[in-house]
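What follows is each chain in one-letter form.
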Amino acid sequence: MNQVKRIEILTRLRNDNPHPTTELKFDSPFELLIAVLLSAQATDVSVNKATAKLYPVANTPQAILNLGVDEVKKYIKTIGLFNTKAENVIKTCQILVDKHHSEVPEDREALEALPGVGRKTANVVLNTAFGWPTIAVDTHIFRVCNRTGFAPGKNVNEVEQKLLKVVPEEFKVDCHHWFILHGRYTCIARKPRCGSCIIEDLCEFKEKTDPE
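Quick caveat: nothing in here was measured; it's all calculated off a predicted structure.

Can you tell me about the pattern of salt bridges, naming the residues and giving the values?
Across all of its chains, the model carries ten salt bridges by this definition. Here Arg-108 makes a salt bridge to Glu-112, at a shortest N to O gap of 3.5 Å. Remark: Glu-112 and Arg-108 occur in helix 7 (residues 108–112); sequence separation between them is four residues, near one turn of the helix. Looking at Arg-108, the relative accessible area reads 21%, which means it is partly exposed. The salt bridge partner of Arg-119 is Glu-160, with a shortest N-O separation of 2.8 Å. With Arg-119 in helix 8 (residues 119–128) and Glu-160 in helix 10 (residues 156–166), the pair connects residues that are 41 residues apart, well separated along the chain. A relative accessible area of 4% places Glu-160 in the buried class. One network of salt bridges, with partners in common, ties together Glu-8, Arg-12 and Asp-201.

Quick look at the structure:
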C-alpha cells in the first residue's frame, strides 16, 4: 500500500470519528490503568460492568489495597482470568503506593514494570491518559493492518513499528482508536462488513465480502 492511500484511509476515519477514545470507562489515569489491565482476553463491556461496581467503592491504589485481593476478586469474578488479574491489581497498587506516590507514572519503563502490564497496556495508558502518539496493537488492529495491507507484519511488534513509521504525526494520537473500532465493528474477524466499510475502495483485501 502506498502512502497516498494510507493518508486517505486515515482522513476518512478521522472525518467519520473526529474525537475517538477507548470504550473502557474511566475518570482518572489510575482507573484507566486498572481497566486496561483487566481487559486482557476480555471484552470492554465485561470490564465496564465490573469496574462500575468496583470504582465507587475503591478507585485509588490505597483504597484497592485496603480491600485486599479476596474482595477484589469478588468484584471482578465475571472477567476471564480474574484470579491472576486480582493478584496483579494488588501488586500494581502496592508498587504505585511505594514507588510513585500513588500516581500512574507517565513513563513507559515504569509502566511496563508493573505486574500484568505489557507494552500494549503501557501504550494504551500513555496514549489515552497522557496523549502520547503511541499506537497499541491488539488483535483487532493486527487484523485490520494485515487484512487491508495498511501495515502488514508477522506479529504485533512488527505491525506497531510499521505503523509508527508510516502514520503521519497528525494522525498518531488517534490512530489506535480508529483501527480498534474499525476492527471491532466493521472489519470483524469472521465476516468483515465490506459492504458498509468507508475505506473499502482503498483496502487491498482480496476476499471482500458483501455484508452490510
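Report on the UniProt feature "binding site: [4Fe-4S] cluster" (unreviewed entry) in the protein, specifying residues and quantitative values.
The positions UniProt marks with the feature "binding site: [4Fe-4S] cluster" (unreviewed entry) are Cys-187, Cys-194, Cys-197 and Cys-203. On the basis of their most widely separated C-alpha atoms, the annotated residues across 17 residues gather in one place, lying no more than 10.6 Å apart. Relative to the assigned elements, Cys-197 resides in the segment after helix 11 (169–185). Residue Cys-197 is classed as buried on the basis of its relative accessible area, which comes to 17%. Excluding anything up to four places from it in sequence, Cys-197 contacts His-182 and Thr-186. Structurally, Cys-203 can be placed in the segment after helix 11. Taking relative accessible area as the criterion, Cys-203 reaches 14% and is therefore assigned buried. Setting aside chain neighbours within four positions, we find Cys-203 in contact with Arg-147, Thr-148 and Lys-208.

Give me the lowdown on helix 2 (residues 29–38), citing residues and values where you can.
With nine of its ten residues buried, helix 2 lies for the most part within the structure. Those residues of helix 2 lying buried are Phe-30, Glu-31, Leu-32, Leu-33, Ile-34, Ala-35, Val-36, Leu-37 and Leu-38. The inward-facing, buried residues of helix 2 contact helix 3 (44–54), helix 4 (61–67), helix 5 (69–76), helix 6 (82–99) and helix 8.

Outline the UniProt feature "domain: HhH-GPD" (unreviewed entry) in the protein, listing residues and values.
Feature annotation in UniProt places "domain: HhH-GPD" (unreviewed entry) on residues 38–185, given in this structure's numbering. Taken end to end, residues 38–185 is 66% helix and 0% strand, and its first and last C-alpha atoms sit 21 Å apart.

Account for the packing of helix 9 (residues 139–148) against helix 10, with residues named and values stated.
What describes two packed helices is the angle between their axes and the distance between those same axes. It is at 10 Å that the axes of helix 9 and helix 10 come closest, and there the two elements cross at 65°. On the basis of the axis angle, helix 9 is roughly perpendicular to helix 10. In this structure, helix 9 meets helix 10 at a crossing whose hand is left-handed. In this structure, helix 9 contributes Ile-141, Phe-142, Cys-145 and Asn-146 to the contact, and helix 10 contributes Val-156, Val-159 and Leu-163. The residue makeup of the contact of helix 9 with helix 10, split by class, is six nonpolar, one polar and no charged.

Please give an account of the nonpolar core that cites residues and values.
Core analysis: the biggest nonpolar cluster contains 33 residues, and Ile-64 and Leu-111 have the highest contact counts within it. Counting residues per element, the ones that place at least two in this core are helix 2, helix 3, helix 4, helix 5, helix 6 and helix 8. Per-element tally for this core: the top contributor is helix 2, with eight residues. Setting aside its immediate chain neighbours within four residues, Leu-111 contacts Val-104, Pro-105, Val-117, Ala-122, Val-125 and Leu-126. Core analysis: the second largest hydrophobic core is formed by 24 residues, Val-159, Cys-175, Leu-181 and Ile-199 among them.

About the criteria used
Residues numbered from 1 in each chain as written. Predicted model: local features only at pLDDT ≥ 70, side-chain atom pairs only at ≥ 80, totals over all residues. Heavy atoms only, no water. Salt bridge = Lys/Arg side-chain N within 4 Å of Asp/Glu carboxyl O. Helix = DSSP H or I, 4+ residues; strand = E, 2+ residues; numbered from the N terminus. Buried < 20%, exposed > 50% of the residue type's maximum accessible area, 1.4 Å probe, protein only. UniProt positions renumbered as here; feature names shortened; annotations may be inferred. Contact = heavy atoms within 4.5 Å. Axes fitted to C-alpha atoms, helices over the stretch in contact; angles between N-to-C directions. Parallel < 35°, antiparallel > 145°, perpendicular 65-115°, else oblique. Left-handed = near helix turned anticlockwise from the far one by under 90°. Nonpolar A, V, L, I, M, F, W, Y, C, P; charged D, E, K, R; others polar. Core = buried A, V, L, I, M, F, W, Y, C linked by side-chain atoms within 4.5 Å.

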